[in-house]
Amino acid sequence: MKPLSVLEVPVKSEAPIKKLLLVGAGHAHIGLFRRLRTEHLADAATMNVEVTLITEQPQSIYSGMLPGWMAGHYDLDDISIDVKLLCEQAGVRFIQQPIAKVDAASCTVTTINNERFDYNVLSLNTGADTDMHWLNETATAKAISNTNTSTNTNTATTAAVIAIRPLSVFIDRWQAILLDAQQSSYYRLAIVGAGAAATELVMAAQFALKRINPKHQVYLVCGEHLLSGFNKRFKRRVISQLKRHGITMIHARATGYSEGQLLTLRGSSQESLPMDSVIAATGVTGAAWTECTDLETVDNGFVAVNATQQSVSHPNVFAVGDVATRVDQKVAHSGVHAVFGGAVEADNLLTYLAGKSLVGESIPSNSVPKKSLLNKPLKKYQPRTRTLYLLSCGDKYAIASWGRISLQGRWVWHLKRYIDKGFVK
């Protein structure tokens with residue numbers, strides 16, 4: 001079947017072309033591109049929808065396989081998704097630029113090059129930035145900016161705090177760390193964070209650095225609440241694997257990094273630890289562009305959405321993944337919810353486009369469509385009560401968590417590999 005130059009949805013044939021603008025190439029949009037590539041959505045009466053993607057990179061790094069790449073189990077191509085190629089196959093216009101502003105009142109998105117793109121329906125799947133608020137002022141001045149993707153990373157120093165996001169920048173920073181470690185007789189790396197991502201990263205980093213030199217050491221600076229939200233059995237399994245790898249856990253709060261010294265605080269006790277590099281896996285905060293939008297945001301810059309993944313202030317705007325926060329119920333920012341919530345959002349985008357006449361104007365907030373012309377209601381994303389988490393442990397070993405059940409072994413790693421490769425392919 002030939003690629004679609006436009007998306008066809010069932011509506012009145014006299015209607016003009018509608019513009020669906022997608023910003024960001026996260027899990028949800030990648031799933032939508034694959035649908036457009038394989039499905040022919042048409043009816044007797046159709047109209048054309050022009051689909052455009054604006055994103056910063058032509059490829060998307062799959063975060064679920066990042067620790068495996070760090071540990072040396074995968075090549076970079078193994079964990080990369082060719083977004084530009086997907087767009088070509090799906091008939092989606094591809095624009096490679098970071099965005100600077102979303103003006104929902106005028107239905108326009110502005111890029112950092114001051115190009116303006118108008119839309120009838122907007123979908124946001126940009127992800128979020130690493131939360132660097134824990135850094136003090138001195139360290140913040142030395143931190144790598146999450147939004148400065150134009151830096152020449154081939155010559156960049158690793159002397160500042162390295163944010164895990166954006167992944168495209170982190171890839172270069174990690175490669176620089178490995179080069180520094182190869183030239184060092186004793187390299188010390190700290191991972192700051194207390195979540196599942198931080199534990200995966202620290203075990204992958206320890207495995208990689210120990211292969212370079214057994215004297216190298218990685219530290220996990222995790223405060224007093226490691227893996228909060230997970231059951232005790234799962235925590236014990238993870239801590240056991242951290243100890244197996246010889247990882248030093250520092251139960252203090254990191255406060256800054258200056259002149260090769262990581263500053264920590266536990267109660268009233270302050271300590272300075274010599275470190276060659278520091279990686280921050282400290283949760284997420286709203287993307288930088290959310291400071292320049294009239295969309296309603298919550299919790300430091302996350303787009304406020306309802307159960308159908310629509311903006312609560314502008315119903316012709318949808319958002320999913322780490323860029324958004326549900327206001328009707330608590331849903332964690334995780335890849336699992338990005339994938340499943342993204343599938344629901346993709347359905348709702350098509351239903352919304354089919355069921356509303358959008359003639360180049362914004363939709364009044366009091367006219368949210370209840371059903372499309374096919375009498376399909378917008379779907380609500382209901383998170384599962386139990387979610388499967390697969391946590392890699394550096395050396396082709398992994399731990400599985402499913403509600404109160406947890407298992408571990410090399411077979412779990414191979415299961416995770418099978419699932420991850422299926423998504424990337």
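**Notes on the overall build of the protein**
Then, number 1: Within the protein, the regular secondary structure consists of 9 helices and 27 strands.
Then, number 2: For the protein, the proportion of its 425 residues judged to be buried stands at 52%.
Then, number 3: Within the protein, residue pairs in contact and separated by at least 24 positions form 66% of the contacts whose partners lie at least 6 positions apart.
Then, number 4: As presented, the protein carries roughly 19,500 Å² of accessible surface, and 49% of it is formed by carbon and sulfur atoms.

**Details of unusual backbone geometry**
Then, number 1: Cis geometry marks the peptide bond from R165 to P166; its omega dihedral reads 0°.
Then, number 2: By the element assignment, P166 lies in the loop between β12 (161-163) and α5 (167-182).
Then, number 3: At C107, a position not held by glycine, the phi torsion is positive, near 55°.
Then, number 4: You can see C107 is positioned in the loop between β7 (99-103) and β8 (108-111).
Then, number 5: According to the relative accessible area criterion, C107 is buried, its value standing at 5%.
Then, number 6: Even without being glycine, K396 reaches a positive phi, approximately 55°.
Then, number 7: Residue placement: K396 occurs in the loop between β25 (388-392) and β26 (398-402).

**Observations concerning the environment of C87**
Then, number 1: Looking at the element boundaries, C87 is found in helix α3 (residues 83-90).
Then, number 2: Distance in space between the C-alpha atoms of C87 and F33 is 6.6 Å, their sequence separation being 54 residues.
Then, number 3: Other than its neighbours up to four places away in sequence, C87 contacts F33, L53, V92 and F94.

**Quick look at the packing of aromatic side chains**
Then, number 1: Inspection of the entire model under this criterion finds 5 aromatic pairs.
Then, number 2: Ring centres 4.9 Å apart and planes at 35° place the aromatic pair Y62 and F423 in the tilted group. On the criterion of sequence distance, the pair formed by Y62 in the loop between β4 (59-61) and α2 (66-70) and F423 in helix α9 (residues 410-424) is long-range, its members being 361 residues apart.
Then, number 3: When its relative accessible area of 13% is taken as the criterion, Y62 is described as buried.
Then, number 4: Residue classification places F423 among the buried positions, given a relative accessible area of 17%.

**Notes on the pattern of salt bridges**
Then, number 1: According to the stated counting rule, one finds 9 salt bridges in the structure shown.
Then, number 2: The residue R266 makes a salt bridge to E224 at a minimum N-O spacing of 3.7 Å. You can see R266 sitting in strand β17 (residues 261-266) and its partner E224 sitting in the loop between β14 (217-221) and α7 (232-244), a full 42 residues away along the chain.
Then, number 3: Judged by relative accessible area, R266 falls into the partly exposed class, the value being 49%.
Then, number 4: Connected through shared salt-bridge partners, R35, D347 and K379 make up one network.

**What about the sheet that holds strand β27 (residues 405-409)?**
Note: strands within a sheet are paired through backbone hydrogen bonds, in either parallel or antiparallel orientation.
Then, number 1: Spatially, 3 strands are ordered β25-β26-β27 in an open sheet, and the strand pairing comes out antiparallel. Looking at which strands have only one partner, the edges of the open sheet turn out to be β25 and β27. Averaged over all pairs of adjacent strands, the angle between their axes in this sheet comes to 15°, without regard to strand direction.
Then, number 2: Here β26 pairs with β27 via 5 bridges, running antiparallel. When the sheet's bridge partners are listed, S401 is paired in β27 with S406.

**Quick look at the confidence of the model for the protein**
Then, number 1: Put simply, the protein has an average pLDDT of 85, and 84% of its residues get 70 or more.
Then, number 2: Residue range residues 1-5 is modelled with pLDDT below 50. Its contacts to residues more than four positions away, or to other chains, number 13 contacts.
Then, number 3: Below a pLDDT of 50 lies the segment residues 357-374, which in the model reaches 40 contacts outside its immediate sequence neighbourhood of four places, other chains included.

**Considerations on the nonpolar core**
Then, number 1: L66, M70, W174, L189, I191, L220 and L242 are the most contacted members of the largest nonpolar core, which totals 76 residues.
Then, number 2: Of all the elements, helix α6 (residues 196-212) adds the most residues to this core, at 8 residues.
Then, number 3: Leave out the neighbours within four places in its chain, and L189 touches W174, I177, A205, L209, Q217, V218, Y219, M275, S277, V278 and I279.
Then, number 4: V102, L122, W289 and A324 belong to the second largest nonpolar core, which has 22 residues in total.

**Considerations on the environment of E259**
Then, number 1: Position of E259 among the secondary structure elements: in the loop between β16 (253-258) and β17.
Then, number 2: Taking relative accessible area as the criterion, E259 reaches 71% and is therefore assigned exposed.

**What to know about helix α1 (residues 27-38)**
Then, number 1: The end-to-end C-alpha distance of α1, which contains 12 residues, comes to 17 Å, matching closely the 16 Å that a straight helix rising 1.5 Å per residue would cover.
Then, number 2: Three or more residues of α1 are buried, namely H27, A28, H29, I30, L32, F33, R34 and L36.

Rules used throughout
Residues numbered from 1 in each chain as written. Predicted model: local features only at pLDDT ≥ 70, side-chain atom pairs only at ≥ 80, totals over all residues. Heavy atoms only, no water. Helix = DSSP H or I, 4+ residues; strand = E, 2+ residues; numbered from the N terminus. Buried < 20%, exposed > 50% of the residue type's maximum accessible area, 1.4 Å probe, protein only. Contact = heavy atoms within 4.5 Å. Areas by Shrake-Rupley, 256 points an atom, 1.4 Å probe, with all protein chains shown as cover. Phe/Tyr/Trp six-rings, centres within 6.5 Å; stacked < 30°, edge-to-face > 60°. Salt bridge = Lys/Arg side-chain N within 4 Å of Asp/Glu carboxyl O. Pairing = 2+ DSSP bridges. Axes fitted to C-alpha atoms, helices over the stretch in contact; angles between N-to-C directions. pLDDT = per-residue confidence, 0-100. Core = buried A, V, L, I, M, F, W, Y, C linked by side-chain atoms within 4.5 Å. Expected span 1.5 Å × (residues − 1).

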